[in-house]
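Observations on the model geometry
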Amino acid sequence: MAEEAVSSIPTHSSSSAAPLGHSVIPIVNKLQDIFAQLGSQSTIELPQVAVVGSQSSGKSSVLEALVGRDFLPRGSDICTRRPLVLQLLQTKRRPDGSEEEYGEFLHLPGKKFFDFSEIRREIQAETDREAGGNKGVSDKQIRLKIFSPNVLDITLVDLPGITKVPVGDQPSDIEARIRTMIMSYIKLPSCLILAVTPANSDLANSDALQIAGNADPDGYRTIGVITKLDIMDRGTDARNLLLGKVIPLRLGYIGVVNRSQEDIITNRSVKDALVAEEKFFRSRPVYNGLADRCGITQLAKKLNQILVQHIKTVLPGLKLRMNSALVSVAKEHASIGEIPESKAGQGALLLNILSKYAEAFSSRVEGKNEEMSTAELSGGARIHYIFQSIFVKSLEEVDPCEDLTDDDIRTAIQNATGPRSALFVPEVPFEVLVRRQIARLLDPSLQCARFIYDELVKISHRCLVSELQRFPILRKRMDEVMGNFLREGLEPSETMIGHIIEMEMDYINTSHPNFIGGSKAVEMALQQIKSSRLPVPVARQKDGLEPDKAPASERSLKARAILARPVNGIVADQGVRPVADIEKFTSSGSTTGSSWGISSIFGGSDNRVSAKEISTNKTYSEPVQSLDHSISMIHLKEPPTILKPSESHSEQEAIEISVTKLLLRSYYDIVRKNIEDAVPKAIMHFLVNHTKRELHNVFIRKLYR
């Protein structure tokens, strides 16, 4: 319908206004009806005339006078409570000279109202259905067409009158609501404004001119109507008002005489009122020379001419916008295609859609989509970005020792030795600490799988968007099947990721070729400790030997002694001494506590003295104390509930902590690289590639069959 209407719009106007108006205005009315039926919020603005004014200013009387029939609700309070779109369409008289006048409502298509009192009752009933029966106001339109040979082609919108005080069911902000409703019509450049003001009020206080000035400050679209000229105070007239000397308007003013409430009560016809109006202007010499500005007949002609000229002005842009919209809709319709009626045809169409969807999904993942974006990453490129720039980069930025303090490592080492001191750095704390760091890799790995799942869901939503617009139920079912299928693929991916982390935790492979190893870690730790020391005076070397030129046996002995824990109250540093001294002590067989050879570690038979012998010796060698003397008892402090190592630690402990950190970092880097490689492979296998391979079969099984 819209296409027929647009194709009928003439590109050139005729010489006279009436034929042009007679051909163009009905087409615009037809377009308005189409948009109203579709409920379209189209950006296409169609030309129309909006009637605005305060309550009881005479708007309805002006419209009835233009039609020549009494058909609108009338009264002393608010009557127009919904916008009434009134389309006046001129018809030809019958060959016998008779007239046929009738009305049609858009909400009652095909029903003709020949009795205009029935039109009034239908307007009242339709208003009550939407706005209630107690003065309520609604912004939903009532669309009425009047077919008559006595009217000119005009389209007017009768808007509710501006009121100040709410009555009945009206809200407290009724004035603001009505003004907002009026502005929604008259702010459009394609809308002409018919500002109605009664002559017995000050024009400077006119609500109609005030709101029209807000919407049309230049005055190119505003026509002034001065009503109730017959009830002005004696000795006053509206000549200066009509001439525009008070408040000028570019389109001028028209003065009219309305039917009074008494005329309505006595059922005085509109035709009789028009005759009385013409008689009124002829009997008033002050209005001589203003014939083109007085009377309903002149208002109708002026409205028709201005509306036609307005349509001529907006017609090129209107036609351009309509044609552009038609081309867009035609392309969309062509892309959708026709729907077959047979079951076999519908099945083939469904199978074709499912196959295209699966192909489009795979193409987007593989980067073979024809609609490739140049503005941002999409499809499989986003998956690669998540793997390399988010997952891998985040793991590489993690320091495995960032949440481990030196005290934590020292406590773990001491806990691993139990009730005795260890000779070397124990392996147990290293394994416990490295497993804790490996376990930290589980959460980011699972999060990576969830990111890929979300990306696949987004890719699925971008497949066949235009083709599936006409099948919203199918689109919804396909999204449900796709979501369930992706969730099914996410579960084995997460399970496999958990197995990968557990495998790394279950076997700490210290024989890995890239693992730093214990001896190298000790050597590096010694270098770190040595470099961190403050420079001390260099002692004179015996026999002029340099430190690095010491015999190999002495250097190896120092390295072995580094790992020795304090034994029998002697720290390991005391064990680092020249070989000659060591041999001297071991050969002498001394029983002092400073001996640290094999016998001191395991307890040689020659040097062991039992506790009984010690006590016996003391009994006979020491003088016996009298029991009468008071002997002071030595009381030990009870250990606290929570024990922690002392704050100060020896150089040996610093080396052990450094060695443990080096081992942790070395093995963590090996595991991290394994995870960075294995997790994306697991996600691609169980989630991405599995979805690409089985999506079509799943659609056939879930939807087609």
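Per an unreviewed UniProt entry, the chain carries the name Dynamin-related protein 3A and comes from Vitis rotundifolia. Quoted verbatim from the Sequence similarities (unreviewed entry) heading of the UniProt record, the comment on the chain is "Belongs to the TRAFAC class dynamin-like GTPase superfamily. Dynamin/Fzo/YdjA family."

1. Some points on a nonpolar patch on the surface
On the surface, Leu377, Tyr385, Ile390 and Phe451 cluster together into a nonpolar patch covering about 350 Å² of accessible area. One can find Leu377 in the loop between helix H11 (343-366) and helix H12 (380-396). You can call Leu377 partly exposed: its relative accessible area is 47%.

2. Considerations on the pairing of strand S1 (residues 48-53)
Counting buried residues along S1, six of its six residues qualify, which places the element largely inside the surrounding structure. Here S1 shows no split at all, with Gln48, Ala50 and Val52 on one side and Val49, Val51 and Gly53 on the other all buried. In this sheet, strand S7 (residues 191-198) lies alongside S1 in parallel orientation, the contact comprising six bridges. In the sheet register, Gly53 faces S7, and the bridge partner there is Val196. Note: S1 against strand S6 (residues 154-158), three bridges, orientation parallel. From the neighbouring strand, Val49 faces S6, where its bridge partner is Leu156.

3. Digging into the nonpolar core
Residues Tyr357, Ile452, Leu456, Tyr667, Ile675, Ile683 and Phe699 are the most contacted members of the largest nonpolar core, which totals 63 residues. Among the secondary structure elements, those contributing two or more residues to this core are H11, H12, helix H14 (428-439), helix H15 (442-461), helix H16 (472-506) and helix H22 (651-704). Per-element tally for this core: the top contributor is H22, with 19 residues. Counting 44 residues, the second-largest nonpolar core is a separate cluster that includes Ile25, Leu88, Ile142 and Leu318.

4. Some details on the environment of Val256
With respect to the secondary-structure elements, Val256 resides in the loop between strand S9 (253-255) and helix H8 (261-265). Separated by 38 residues in sequence, Val256 and Cys294 place their C-alpha atoms 6.0 Å apart. The residues contacting Val256, other than those within four sequence positions of it, are Val62, Val225, Ile226, Thr227, Lys228, Leu229, Glu277, Phe281, Gly295, Ile296 and Leu299.

5. Some details on the sheet that holds strand S5 (residues 142-148)
By way of backbone hydrogen bonds, the strands of a sheet pair with one another, either parallel or antiparallel. With mixed pairing, nine strands are arranged side by side in an open sheet as S4-S3-S5-S2-S6-S1-S7-S8-S9. Pairing within the sheet leaves two strands with one partner each, and these edge strands are strand S4 (112-113) and S9. Here three bridges tie strand S8 (residues 222-227) to S9, and the two strands are oriented parallel to one another. The residue bridging Gly224 from the neighbouring strand is Tyr253, located in S9. On top of the sheet, helix H4 (residues 116-131) reaches strand S2 (84-90), strand S3 (102-105), S4 and S5; it is set at about 170 degrees to S5, its chief contact. Its contacts with the sheet put helix H6 (residues 207-215) on S1, S7, S8 and S9, and the angle it makes with S7 is roughly 160 degrees.

6. As for the pattern of salt bridges
Here the structure, examined in full by the defined rule, presents 23 salt bridges. Between Glu122 and Arg129 there is a salt bridge whose closest N-O contact spans 3.0 Å. For Glu122, a relative accessible area of 14% translates into the label buried. Residues Arg672 and Glu396 are paired through a salt bridge, measuring 4.0 Å at the closest nitrogen-oxygen approach. Note that Arg672 is positioned in helix H22 and Glu396 in helix H12, a separation of 276 residues in sequence. Overall, the relative accessible area of 49% leaves Glu396 in the partly exposed class. The structure contains a network of salt bridges with shared partners spanning Arg82, Glu122, Glu126 and Arg129.

7. With respect to H4
Every α-helix carries 3.6 residues per turn, so stepping three or four residues along brings you back to the same face. Here H4 is 16 residues long and its end C-alpha atoms lie 22 Å apart, about the 22 Å a rise of 1.5 Å per residue gives. At its buried positions, H4 is contacted by helix H3 (59-67), S2, S3, S4 and S5. Positive backbone phi, approximately 85 degrees, marks Gly132, located one or two places after H4.

8. Details of the side chain of Thr127
As for its position among the elements, Thr127 is in helix H4. Polar contacts involving the side chain of Thr127 include one to the main-chain carbonyl oxygen of Ile123, which spans 2.7 Å. In contact with Thr127, other than residues within four places in its own chain, are Arg81, Arg82, Gly132 and Ile142.

9. Digging into the packing of helix H5 (residues 174-186) against H6
Relative orientation of the contacting elements H5 and H6 amounts to 50 degrees, with a least axis distance of 10 Å. The angle between H5 and H6 falls in the class oblique. Handedness of the crossing formed by H5 with H6: right-handed. Counted together, Arg179, Ile182, Met183 and Ile186 of H5 and Asp207, Gln210, Ile211, Ala212 and Ala215 of H6 form the full contact between these two elements. Among the residues making up the contact of H5 with H6, the classes are represented as six nonpolar, one polar and two charged.

10. Concerning the environment of Leu72
Structurally, Leu72 can be placed in the loop between H3 and S2. Between the alpha carbons of Leu72 and Ser60 there is a distance of 6.7 Å; along the sequence they are twelve residues apart. Setting aside chain neighbours within four positions, we find Leu72 in contact with Ser60, Leu63, Glu64, Leu84, Arg120, Ile123 and Asp158.

11. A short note on the packing of aromatic side chains
One pass over the full model with this rule turns up nine aromatic pairs. Between Tyr102 and Phe114, the ring centres sit 5.5 Å apart and the planes meet at 50 degrees, which makes this aromatic pair tilted. Of this pair, Tyr102 sits in strand S3 while Phe114 sits in the loop between S4 and H4, placing them twelve residues apart in sequence. Here Tyr102 falls in the buried class, since its relative accessible area comes to 11%. Residues Tyr102 and Phe147 carry aromatic rings whose centres are separated by 4.8 Å and whose planes lie at 20 degrees to one another, so their mutual orientation is stacked. You can see Tyr102 sitting in strand S3 and its partner Phe147 sitting in strand S5, a full 45 residues away along the chain. Residue classification places Phe147 among the buried positions, given a relative accessible area of 14%. Clustering of aromatic rings is evident, with ring pairs tying together Tyr102, Phe114 and Phe147. The residue whose ring lies beneath Lys112 is Tyr102, and the NZ or CZ to ring-centre distance is 4.7 Å.

Reading the values: the criteria
- Residues numbered from 1 in each chain as written.
- Predicted model: local features only at pLDDT ≥ 70, side-chain atom pairs only at ≥ 80, totals over all residues.
- Heavy atoms only, no water.
- UniProt positions renumbered as here; feature names shortened; annotations may be inferred.
- Patch = residues over 30% accessible without salt bridge, like charges linked within 9 Å, V, L, I, M, F, W, Y side chains within 5 Å.
- Areas by Shrake-Rupley, 256 points an atom, 1.4 Å probe, with all protein chains shown as cover.
- Salt bridge = Lys/Arg side-chain N within 4 Å of Asp/Glu carboxyl O.
- Helix = DSSP H or I, 4+ residues; strand = E, 2+ residues; numbered from the N terminus.
- Buried < 20%, exposed > 50% of the residue type's maximum accessible area, 1.4 Å probe, protein only.
- Pairing = 2+ DSSP bridges.
- Core = buried A, V, L, I, M, F, W, Y, C linked by side-chain atoms within 4.5 Å.
- Contact = heavy atoms within 4.5 Å.
- Axes fitted to C-alpha atoms, helices over the stretch in contact; angles between N-to-C directions.
- Expected span 1.5 Å × (residues − 1).
- Polar contact = N/O pair within 3.5 Å; in protein donor to acceptor, adjacent residues only side chain to side chain.
- Parallel < 35°, antiparallel > 145°, perpendicular 65-115°, else oblique.
- Left-handed = near helix turned anticlockwise from the far one by under 90°.
- Nonpolar A, V, L, I, M, F, W, Y, C, P; charged D, E, K, R; others polar.
- Phe/Tyr/Trp six-rings, centres within 6.5 Å; stacked < 30°, edge-to-face > 60°.
- Lys NZ or Arg CZ within 6 Å of the ring centre and 35° of its normal.

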